[in-house]
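A closer look at the structure
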Amino acid sequence: MFFNIIQILPSFDFVISGAVTSNGIGISYGRLGNNLPSPALSIELLQNMSVSRVKLYDADHEILHLLSGKNIDVAITIANDEISAIAANQHLADQWVYEHVLAHYPNTRIRFVLVGHEVFSTIGTEQDMQIARDLLPAIRRIKNTIKAQGIHNIKVATPLAMDMMSITFPPSNGSFKPEILDLMAPLLKYINATKSYLFVDVYPYFAWFENQAMNQTSINLDYALLRSVNVTYTDPQTGLVYTNLLDQMLDSVVYAMAKLGYNDVQLAISETGWPHAGESGASPENAAEYNNNLVRKMTAVPSFGTPARPGEVIPTFIFSLYDEDQKYGPATERHWGLLNPDGSPVYHVNITGKGASD
């Protein structure tokens, strides 16, 4: 049975500034599909998997109600098209929090409110740029409302994609794109002041795939898959030794933040994973390899962290619970799911991280 195949390691929790940070693995629950199980069945599947946290791409009342009383921490999302209105009006921010947070909290263990999704990735139009400029004011208003309610264990943040970077290699040269520097600096200042996280959608698969598409072989597939083999990279400036591409990508963000004066903003991974079908390198075998290695890395006690931040706990969400057949783009976009529509596993995942060979 599927429930015997996929398990979750009981999480080890660390209290940081009123919020609970755990090294248990979370799962992103996207619903852009026309063949997916019902929300009720999906929550039952998550429960039986002993998932420690789930990330939603909205704040759906039915799902939040179904999560009531469950031992699952929840991240909810404010849509990009809601950001500017909330940024301009504290009453709207109050209303959003009342309707989507207070209506369910604390019985539903909401722990993160994520404002927008990859907002800095689309700033080509004036409307998009306005949303980007409104991001921090919206985050501030939502946080103010939550704080006014005496709630101290809900962090407010925003997930950003790796295309916010202009340089990622070597990691010590990590830099944000010039066009978003004026936005990143105040965002990082606020995240740091509220002891929240910079959430990053980080996909070694895309970095490896683009490298292959350019007929380059500088990124070894084993290195991208977090496979424990004799493949390493030494940063020429720091001397830090990297054994996988994920750490390399994360540390490029660490160094980019440091260049703006923020050396200790906490990182979280809002999305990562590997596709099991689609373009080159996408297969059940590779997806299983990546996610099993990811779980072992992120559930280790004590935590591995990254070369630049050894021992740091990095909250992590695997993308995603299901394939989503209504997503646009290349075929790969529709094949990231851990589960089939009937709840059976697409491939074997040992989410405990225990008992699997290195």
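Residues numbered from 1 in each chain as written. Predicted model: local features only at pLDDT ≥ 70, side-chain atom pairs only at ≥ 80, totals over all residues. Heavy atoms only, no water.

1. What to know about the pattern of salt bridges
Test applied: Salt bridge, as used here: a side-chain nitrogen of Lys or Arg that lies within 4 Å of a carboxyl oxygen of Asp or Glu. Numbering of helices and strands starts at the N terminus; helices are DSSP runs of H or I of at least 4 residues and strands are runs of E of at least 2. Each residue's exposure class comes from its accessible area (1.4 Å probe, protein chains only) as a fraction of the maximum for that residue type: buried when under 20%, exposed when over 50%, partly exposed otherwise.
Counted according to the given criterion, the structure contains 11 salt bridges. Residues D58 and R31 are paired through a salt bridge, measuring 2.6 Å at the closest nitrogen-oxygen approach. Of this pair, D58 sits in the loop between β4 (53-56) and α3 (61-66) while R31 is found in the loop between β3 (26-29) and α2 (39-48), placing the two residues 27 residues apart along the sequence. Taking relative accessible area as the criterion, D58 reaches 27% and is therefore assigned partly exposed. Between R111 and D73 there is a salt bridge whose closest N-O contact spans 4.0 Å. Placement of R111 in strand β6 (residues 109-115) and of D73 in strand β5 (residues 73-78) is noted, with a sequence separation of 38 residues between them.

2. Structural notes on the environment of V113
Basically, it comes down to this: Any two residues whose heavy atoms approach within 4.5 Å are treated as being in contact.
Assignment of secondary structure puts V113 in strand β6. For the pair formed by V113 and G174, sequence separation is 61 residues and the distance between their alpha carbons is 27 Å. When residues no more than four places from it in sequence are discounted, the contact partners of V113 are I76, I78, W96, V101, I142, I146, I154, K155, V156 and A157.

3. What about the sheet that holds strand β8 (residues 159-161)?
Test applied: Pairing between strands is defined by DSSP: at least two bridges between them are needed. Only C-alpha atoms enter the line fits that serve as axes; for helices the fit covers just the stretch in contact. Angles between N-to-C directions range over 0 to 180 degrees.
Read from one edge of the open sheet, 9 strands run β7-β6-β5-β4-β3-β15-β14-β11-β8, paired in parallel fashion. The outermost strands of the open sheet, each flanked by one partner alone, are β7 (155-157) and β8. Pairs of neighbouring strands in the sheet enclose a mean axial angle of 25°, with direction left out of account. Relative to strand β15 (residues 316-319), strand β14 (residues 266-272) runs parallel, the two being bridged by 2 bridges. Bridging across to β15, T272 finds its partner in I318.

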